[in-house]
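Structural characterization, general
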Amino acid sequence: ITLPDTVEPGKTLQFNLKAVAGGQSEKPKGSQVEKTELRLWLDIDGDGTWDLETKPLASVNREWMAPKSGQYNLIAIVRDSLNWADSVRIPYVSNSRVLLKFEADVHKIHLAQEVKIHARVWDKDDALDSVCFSNTLDGLKECRADLSLKAGKFEQSFSKKSNKPGHYVAKLCAYSADKRTRCEEIKIEAYTAEPECLAGEN
């Protein structure tokens, strides 16, 4: 049976299971049942209630909804028609991923204009180790790694502009205490300001 070690609450929990009859694959001569059939009992979250029972069984490829945040054991028992049985217990963690909201008020600016960038990071289950913002508009990189991130939240706005036309990238990366990372990028184009008509004698 294959199962990811970490899943996200409420998202799809996908697993694959394959069972093969071991030892004697047929019943003794003279038996009414010639072939061994496999049956499966499956407890997705280890709460003692069977969530799935199938028969006969060769393989199972199922999608399930992951449980709420916590540590769990997936328990599977396979039994054949000869009453031989095998079981497996697989631990896994249901844990929310770090989420980002990274936006710019505009994606095209002229050289006299600033772009306003807003960053929001949150993690429902874990503290944040650090949050880093970088951009090629002015080449600066800023990182935060302080006690304020222990609540699993970060929010900040930035104003940036470019000294020359071109294509630029702003990037935000968040590093969670559960060692998972998420990054997002915003592409920005800077161009020379368009000619402006001013009132005057000419």
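Right, let's talk about the state of the cysteines for a bit. Going through the model one piece at a time under the given rule, you end up with two disulfides. Here Cys132 connects covalently by a disulfide to Cys143, the sulfurs 2.1 Å from one another. Given an S-S torsion of about 115 degrees, the disulfide between Cys132 and Cys143 has right-handed geometry. Taken together, the residues Cys132 in strand β11 (residues 128–135) and Cys143 in strand β12 (residues 141–144) connect sequence positions eleven residues apart. A residue is classified by how much of its surface remains accessible, and Cys132, at 11% relative accessible area, is buried. Put simply, Cys173 and Cys183 are joined by a disulfide, and their sulfur atoms are 2.0 Å apart. Here the S-S torsion is close to 115 degrees, and the disulfide linking Cys173 with Cys183 is therefore right-handed. Of this pair, Cys173 sits in strand β14 (residues 166–176) while Cys183 sits in strand β15 (residues 181–191), and the two are ten residues apart along the sequence.

What follows covers the sheet that holds strand β1 (residues 6–7). Read across the open sheet, the five strands follow the order β1-β7-β6-β3-β4; overall the sheet is mixed. This sheet does not close on itself; its edge strands, each paired only once, are β1 and β4 (52–54). Here β1 runs beside strand β7 (residues 85–94); their pairing, made up of two bridges, is parallel. Each bridged residue has a counterpart across the sheet, and for Val7 the counterpart in β7 is Ser94.

The subject of this paragraph is the pattern of salt bridges. All chains considered together, the criterion is met by nine salt bridges. Across the salt bridge formed by Asp129 and Lys179, the nearest N and O atoms sit 4.0 Å from each other. Here Asp129 is found in strand β11, whereas its partner Lys179 is found in the loop between β14 and β15, with 50 residues between them in sequence. For Lys160, the salt bridge identified is with Asp138, shortest N-O distance 3.2 Å. Of this pair, Lys160 sits in strand β13 (residues 153–160) while Asp138 sits in the loop between β11 and β12; the two residues are 22 residues apart in sequence, bridging distant segments of the chain. On the basis of relative accessibility, which here comes to 35%, the residue Asp138 falls in the partly exposed class.

Conventions adopted
Residues numbered from 1 in each chain as written. Predicted model: local features only at pLDDT ≥ 70, side-chain atom pairs only at ≥ 80, totals over all residues. Heavy atoms only, no water. Disulfide = S-S within 2.5 Å. Helix = DSSP H or I, 4+ residues; strand = E, 2+ residues; numbered from the N terminus. Buried < 20%, exposed > 50% of the residue type's maximum accessible area, 1.4 Å probe, protein only. Pairing = 2+ DSSP bridges. Salt bridge = Lys/Arg side-chain N within 4 Å of Asp/Glu carboxyl O.

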